[in-house]
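# Secondary and tertiary structure notes
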Amino acid sequence: MMYAAIVAGFVLLLKGAEYLVEGSSTLASKLGVSPLVIGLTVVAFGTSMPELTVNVLAALSGTTDVAFGNVIGSNIANILLILGVTAMIRPLAVQHTTVWKEIPLAFLSTLVLLALAARPFLDPGSLGAIARTDGIILMLFFAIFLSYVLELVRKNRSEKLEESVEIERHSLPMIAFMIGGGLGALVIGGKWVVDGAVAIATTFGISEYVIAVTIIAIGTSLPELVTSVVAARKGHSDLAVGNVIGSNIFNVFWVLGATALVTPVPFPIHAAADLAVLGTATALLFVFATISKGQHLAPLHGRIMVALYLLYMILLVLRG
């Protein structure tokens, strides 16, 4: 039943995110919102909803190790596994703005978390957790990121909708059903995933944090994987890369920020090590994108990234 709950929960998370994105995109289109805004906000919001749902429910149930591990594990999987697999399918062109603005922003989000994690060592009397005030700071960083996105939208207002961001036409009742049903599926699916993961961790003596960094993180990253692979196969590699980097920024500044507003999120014992892995993965992505001819992620880069992710998974299991 534990495994069935996790699998069913992941299915609901995926379908819920899918319906939420499609319903919201159609509504935005009917309201005359720019297609570029839809792609950069609604789609990014939708692919990060599984992480947010799992995190808030985990925080409400007191399993904050799951909340923190889900975000860090998802971000590591997004770069090493998802971009690695996608680059193995087809070389990925990385836009100049992504290399010099969005990837550094993702790296900054990791540095912010490292600074918060190091606070007890710098100030022995301070709290070793992401407090509610820290959550407000993370949300302010997210507001800065949104302002960057809106400025990008303003500069590209005349661009047409890409083929990969096709919008279905639905009636208003169907839109309401899709948005409501999508949100409901996310809540139920997230609860099943959290409950099942905690039960497995308790049964086998595995820490909730390890379960979160591995099983839950990969599961909640499935929307990013599907989006990136489909975009790459259609030749929209900038969307594939931007989807992952944007999701990583969303996860730290928005998802963790919102979670900390619900309840403080203590740093697990291995948090600094995993944040170092995330920072290294982000830096590696920057190096691969800059040293390659034409700013591409080649299949060789993808194989290296996937191999590093598998090595990280092995070390995680051995670490317990």
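A brief look at the structure comes next. (Residues numbered from 1 in each chain as written. Predicted model: local features only at pLDDT ≥ 70, side-chain atom pairs only at ≥ 80, totals over all residues. Heavy atoms only, no water.)

### Side note on helix α7 (residues 172-204)
Compared with the 48 Å implied by 1.5 Å per residue over 33 residues, the 48 Å span of α7 between its first and last C-alpha is a close match. Phi turns positive, to about 70°, at G205, one or two residues after α7. (Helix = DSSP H or I, 4+ residues; strand = E, 2+ residues; numbered from the N terminus. Expected span 1.5 Å × (residues − 1).)

### Notes on the side chain of T98
For T98, the position within the fold is in helix α4 (residues 96-117). On the basis of relative accessible area, T98 is assigned to the buried category, the value being 5%. (Buried < 20%, exposed > 50% of the residue type's maximum accessible area, 1.4 Å probe, protein only.)

### Things to note about the layout of surface pockets
Empty space within the second largest pocket amounts to approximately 220 Å³. Within the residue set of the lining of the second largest pocket, elements represented by two or more residues are α11 (271-291) and α12 (299-319). Looking at the lining of the second largest pocket, its residues break down into ten nonpolar, one polar and two charged. (1 Å grid on protein atoms, 1.4 Å probe; cavity = no way out; pocket = protein on both sides within 12 Å on 5 of 7 lines; lining within 4 Å. Points joined across faces, edges and corners; volume = space filled by probe spheres on them. Nonpolar A, V, L, I, M, F, W, Y, C, P; charged D, E, K, R; others polar.)

### Quick word on the packing of α4 against α11
Between α4 and α11, the shortest axis-to-axis distance is 10 Å and the interhelical angle comes to 165°. In terms of orientation, α4 and α11 fall into the roughly antiparallel class. Considering only the axes of α4 and α11, their crossing is left-handed. Counting all contacts with α4, which are made through V99, W100, I103, A106, F107, T110, L113, L114 and A117, the residues of α11 involved are A272, L275, L278, G279, T282, A283, L285, F286, A289 and T290. Along the lines of polarity and charge, the residues of the contact of α4 with α11 split into 15 nonpolar, four polar and no charged. (Axes fitted to C-alpha atoms, helices over the stretch in contact; angles between N-to-C directions. Parallel < 35°, antiparallel > 145°, perpendicular 65-115°, else oblique. Left-handed = near helix turned anticlockwise from the far one by under 90°. Contact = heavy atoms within 4.5 Å.)

### Structural notes on the pattern of salt bridges
Close approach of charged atoms allows side chains with opposite charge to pair. As enumerated under the stated definition, the model contains three salt bridges in all. Two residues, R319 and D274, come together in a salt bridge whose shortest N-O distance is 3.0 Å. Of this pair, R319 sits in helix α12 while D274 sits in helix α11, and the two are 45 residues apart along the sequence. Take D274: its relative accessible area is 0%, and that puts it in the buried class. (Salt bridge = Lys/Arg side-chain N within 4 Å of Asp/Glu carboxyl O.)

### A short note on the nonpolar core
F68 and I130 are the most contacted members of the largest nonpolar core, which totals 77 residues. For I130, the residues in contact, after removing those within four places along its chain, are F68, L113, L116, G135, L138, L256, A260, P264, V265 and F267. (Core = buried A, V, L, I, M, F, W, Y, C linked by side-chain atoms within 4.5 Å.)

### Considering the packing of α11 against α12
Here α11 crosses α12 at 175°, and the two axes come no closer than 12 Å. In terms of orientation, α11 lies roughly antiparallel with respect to α12. On α12, the residues that touch A273, D274, V277, L284, L285 and F288 of α11 are H301, I304, M305, L308, Y312, L316 and R319. A class-by-class count of the residues in the contact of α11 with α12 yields ten nonpolar, one polar and two charged.

### Things to note about the packing of aromatic side chains
In this description, a pair of aromatic rings is defined by centroid distance and the angle of the planes. The tally for this structure, following the rule as stated, stands at eleven aromatic pairs. Ring geometry for F68 against Y209: centres 6.4 Å apart, planes inclined by 25°, an arrangement best described as stacked. Of this pair, F68 sits in helix α3 (residues 64-89) while Y209 is found in helix α8 (residues 208-220), placing the two residues 141 residues apart along the sequence. For the pair shown, F68 and Y209 are each scored as buried. Through successive ring pairs, a cluster of aromatic residues spans F142, F145, Y148, F250 and W254. (Phe/Tyr/Trp six-rings, centres within 6.5 Å; stacked < 30°, edge-to-face > 60°.)

None of this, on its own, says anything about what the molecule does.
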